[in-house]
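Secondary and tertiary structure notes
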Amino acid sequence: MIREAPARVSGGGTGAGRRGKADGRSATGVRSGRGVNDFALKIATVNGTGSASANGLIMKSIFRMGAPVSGKNVFPSNIQGLPTWYEIRINAQGHVARTPGFDVLVAMNGETYERDIAEVAEGGWLLYDSSWPLARELRREDVNHIGVPLAEMCVKRFEGSRIRILMKNIAYAGALAALLDIDLDVIRGLLEETFGARKRHLLEANNTAIDLGHNYVTERYDCPLPIRVARPAGDELSWEGRILMDGNTAAALGCIYAGATVASWYPITPSTSLVDAFGKFAGSMRKDPDSGRMRAAIIQAEDELAAAGMTVGAGWAGARAFTATSGPGISLMSEFVGLAYYAEVPSVFFDIQRVGPSTGMPTRTQQCDLLLCAYASHGDTRHICLYPGDPAECFDFAVRAFDVADRFQTPVFVVSDLDVGMNDWAVPPLQWDPAYGPDRGKIKSAEELDRMDRFFRYLDVDGDGIAWRTIPGEHPLGAHLTRGSGHTKYGTYTEDAEGYTEVVDRISEKIESSAPVLPEPVMESVPGAEMALVTVGGCEGAVREAMDRLGNSGLHFNYMRVRGFPFAESVREFLAEQKRVFVVEQNRDGQLRSLLTTETGVAGASLEPVLYYGGLPMSAVHVVDGVLARLGAGPAGSPAPARTGAVA
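These figures come from a predicted structure and were not determined experimentally. (Residues numbered from 1 in each chain as written. Predicted model: local features only at pLDDT ≥ 70, side-chain atom pairs only at ≥ 80, totals over all residues. Heavy atoms only, no water.)

Structural notes on the side chain of Arg561
Residue position: Arg561 is located in strand β17 (residues 557-562). A polar contact of 2.9 Å, which involves the side chain of Arg561, links it to the side chain of Glu393. Side chain to side chain, Arg561 and Glu540 meet in a polar contact 3.4 Å long. In this structure, Arg561 is in contact with Tyr387, Pro388, Gly389, Glu393, Pro521, Val522, Thr535, Val536, Gly537 and Glu540, ignoring residues within four places of it in sequence. (Helix = DSSP H or I, 4+ residues; strand = E, 2+ residues; numbered from the N terminus. Polar contact = N/O pair within 3.5 Å; in protein donor to acceptor, adjacent residues only side chain to side chain. Contact = heavy atoms within 4.5 Å.)

Some details on the side chain of Thr470
The topology assignment puts Thr470 in the loop between α14 (446-450) and α15 (497-512). Here the side chain of Thr470 touches Gly478 through a polar contact of 2.8 Å, landing on its backbone oxygen. Excluding its chain neighbours within four sequence positions, the residues that come into contact with Thr470 are Lys444, Leu449, Phe455, Gly478 and His480.

Notes on the sheet that holds strand β1 (residues 38-46)
What the 6 strands build is an open sheet, ordered β2-β3-β1-β4-β5-β6; its pairing is mixed. In this open sheet, the two edge strands, each paired with only one partner strand, are β2 (69-74) and β6 (144-148). The mean inter-strand angle of the sheet, taken between neighbouring strand axes irrespective of direction, is 15°. Looking at chain direction, strand β5 (residues 120-129) and β6 are connected through 5 bridges and run parallel. Pairing of Asp129 across the sheet is with Val148, part of β6. Helix α4 (residues 161-180) contacts β1, β4 (102-107), β5 and β6 of the sheet and is inclined by roughly 165° relative to β1. (Pairing = 2+ DSSP bridges. Axes fitted to C-alpha atoms, helices over the stretch in contact; angles between N-to-C directions.)

Brief notes about the pairing of strand β13 (residues 411-417)
Extensive coverage of β13 is indicated by the burial of 7 of its 7 residues. Pairing analysis gives 7 bridges linking strand β11 (residues 347-353) to β13, with the strands arranged parallel. Looking across to β13, one finds that Phe349 is bridged to Phe413. Two strands pair when backbone bridges link them, and strand β12 (residues 384-386) and β13 are joined in this way by 3 bridges, in the parallel orientation. Following the sheet pairing, Ile384 is matched in β13 by Val412. (Buried < 20%, exposed > 50% of the residue type's maximum accessible area, 1.4 Å probe, protein only.)

Quick look at the sheet that holds strand β10 (residues 321-325)
The strands that make up a sheet are held in pairs by hydrogen bonds between backbone atoms, and each pair lies either parallel or antiparallel. Here we have 7 strands laid out as an open sheet, ordered β9-β8-β10-β11-β13-β12-β18, and mixed in their pairing. Where the open sheet ends on each side, the last strands, each with one partner, are β9 (297-300) and β18 (564-565).

Here we look at the nonpolar core
The biggest cluster of nonpolar side chains holds 107 residues, and the ones touching the most others in it are Tyr172, Leu176, Leu180, Phe322 and Phe350. The residues contacting Leu180, other than those within four sequence positions of it, are Phe39, Leu41, Val104, Pro224, Leu225, Ile227, Arg228 and Val229. By size, the runner-up hydrophobic cluster in this structure holds 38 residues, among which are Ala343, Cys385, Phe574 and Leu596. (Core = buried A, V, L, I, M, F, W, Y, C linked by side-chain atoms within 4.5 Å.)

Section: unusual backbone geometry
Here Cys223 and Pro224 are connected by a cis peptide whose omega angle stands at -5°. Among the structural elements, Pro224 can be located in the loop between α6 (200-220) and β7 (243-246). Of note, the amide linkage connecting Gly356 to Pro357 takes the cis form, showing an omega dihedral of 0°. In this structure, Asp181 is a non-glycine residue whose phi angle is positive, near 65°. With respect to the helices and strands, the residue Asp181 is situated in the loop between α4 and α5 (184-195). According to the relative accessible area criterion, Asp181 is partly exposed, its value standing at 34%. Within the chain, Glu344 stands out as a residue other than glycine whose phi angle is a positive 60°. As for its placement among the helices and strands, Glu344 is situated in the loop between α10 (327-343) and β11. The exposure class of Glu344 is buried, given its relative accessible area of 1%.

Quick notes on the environment of Gly564
Along the polypeptide, Gly564 turns up in strand β18. Distance in space between the C-alpha atoms of Gly564 and Asn423 is 22 Å, their sequence separation being 141 residues. Other than its neighbours up to four places away in sequence, Gly564 contacts Cys385, Tyr387, Leu518 and Pro519.

Some remarks on the environment of Leu126
Within the secondary structure, Leu126 sits in strand β5. When its relative accessible area of 0% is taken as the criterion, Leu126 is described as buried. Once the C-alpha coordinates of Leu126 and Gly147 are considered, the two residues, 21 residues apart in sequence, prove to be 8.1 Å apart. Those residues within four positions of Leu126 in sequence are excluded, and the remaining contacts are Leu105, Ala107, Tyr113, Ile117, Leu134, Val143, Asn144, His145 and Ile146.

Points about the packing of aromatic side chains
How two aromatic rings sit relative to each other is set out by the distance from centre to centre and by the angle between their planes. The tally for this structure, following the rule as stated, stands at 13 aromatic pairs. A centroid spacing of 5.0 Å and a plane angle of 85° characterise the contact between Phe278 and Phe322, whose relative ring orientation is edge-to-face. Of the two residues, Phe278 is situated in helix α8 (residues 272-285) and Phe322 in strand β10; the sequence distance between them amounts to 44 residues. Neither residue differs from the other here; Phe278 and Phe322 are each classed as buried. Where Phe456 meets Tyr490, the ring centres are 4.9 Å apart and the plane angle is 75°; that geometry is what we call edge-to-face. (Phe/Tyr/Trp six-rings, centres within 6.5 Å; stacked < 30°, edge-to-face > 60°.)

Written out as structure tokens, the structure reads:
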């Protein structure tokens, strides 16, 4: 029996005609939570059809109801025409990792329908455009079909092909509102905020489309479904008071807060939106109130190499400067990174990681630049890296990056990724301290230079590995040659071994000394646990959910998420205390594991890789399956890492 009827039907999803596993698991092996504030939905559309607005409307409406919600946008790298998906997860426990199984599917792309329907959990619901008949071979007997003639309704109600396409998306948002019990007042409030008095015609059109989908579903189907959204009550987890923000926007705001005045860049996915956001913020917060002139320079360079040169040049001149790029850009920037390292010029590099190598998959996420950023450029280099795990940390770490770059006079990398950078996350409000003052580090003022006989740029007079610097043009005595070639501590050219090694050894000690002032690792100990899960960046959600699942099976783990490099001593101590350590990350070759092995001296055989690198955000399933595979493979040091690169 195909679960569909033209008249009113129950949304319960029970009864005859089911196929699949009796325990309610989907074909992907993921149990559906299925309940109030405990389900996931996926919207399958075509890029360029305007579906992003409708998907964002659904996500924001659920968020404003206070329900813990997360969203993942899976989009193609071309401009228009290829499949795109938007995934929304509502979870009363606050889990935010991607789930590869879905309770509700909105099927708006015929080309991917067969693939999409396979991801619906047994007994789930399919919402599709019934303006055209659904081929019988594409139906699933164990899924409830909800047909809504979206295109037909919009053709009758709206004029013009483009507006009909756009409003069809808003109409499915209205249908979902009825099925999932999303508050219509919240939706209408968001539409009012978006269009307001200036675009009344669009406001009216959107409200009409919402009503079309909502009314059609409520008149023909039992609403809401057993899975639905509800405002949290009592002791239930609520995200009321949080903000919804993506990591790139948060990082851009952090740059403003830190006092950055120069952004040089070359557009590259997924970092472009960071500089776009910085430009918008600078337009309102970097303008002279009297003249109206911008007090910030935002420069689109001809390529990434030039962007890096401008960033280093501005940092040398005393500005707080940054560039934002992705892996291919870091590769091109490496020569200037080496110059900034050796010449000791403060500069900040945001790397929003994507799938490599080469062009790779530009709109998919990975953590494949960890080694690249840590050791960028030729020769012996070692760079300070900060690893944010969510947009709140993107904001905090952006500020920290500029302070650290100035304090240690060196390039600093903020290593984010596409998932953190471009997806919306619900985070606590960002903390903006009006009393904050930038840490500019050791800079000799004109007054101080007046009292000196000689100034040597690379001379460590305080014994902390950090030489004093000057701002060009402030005082004649502070003039010096900034050298990328061999130089002594006095700034003179050298090819002498002793003079050269004295400088590079001091730089190495300086970088090592930064560890205590970098963001501390997040560590948690579980009584009786002898094993640990170690991770980095946006994998935290998947790892924490996996710990809950494994804990329910009697397997308990300690936890650590590294947030800065060079690693603090506490990182080595944590690793040394564990009987077995599983290093969870999103790349093929276990780059975090390699860093930990190289930098802490902990034997690599005791650090076991659990890897997912297929390009989608990591799921708890990847972690659980990887750890269980490792535990079943025998003692630590088994040669093959637990890889799940092919899993969707």
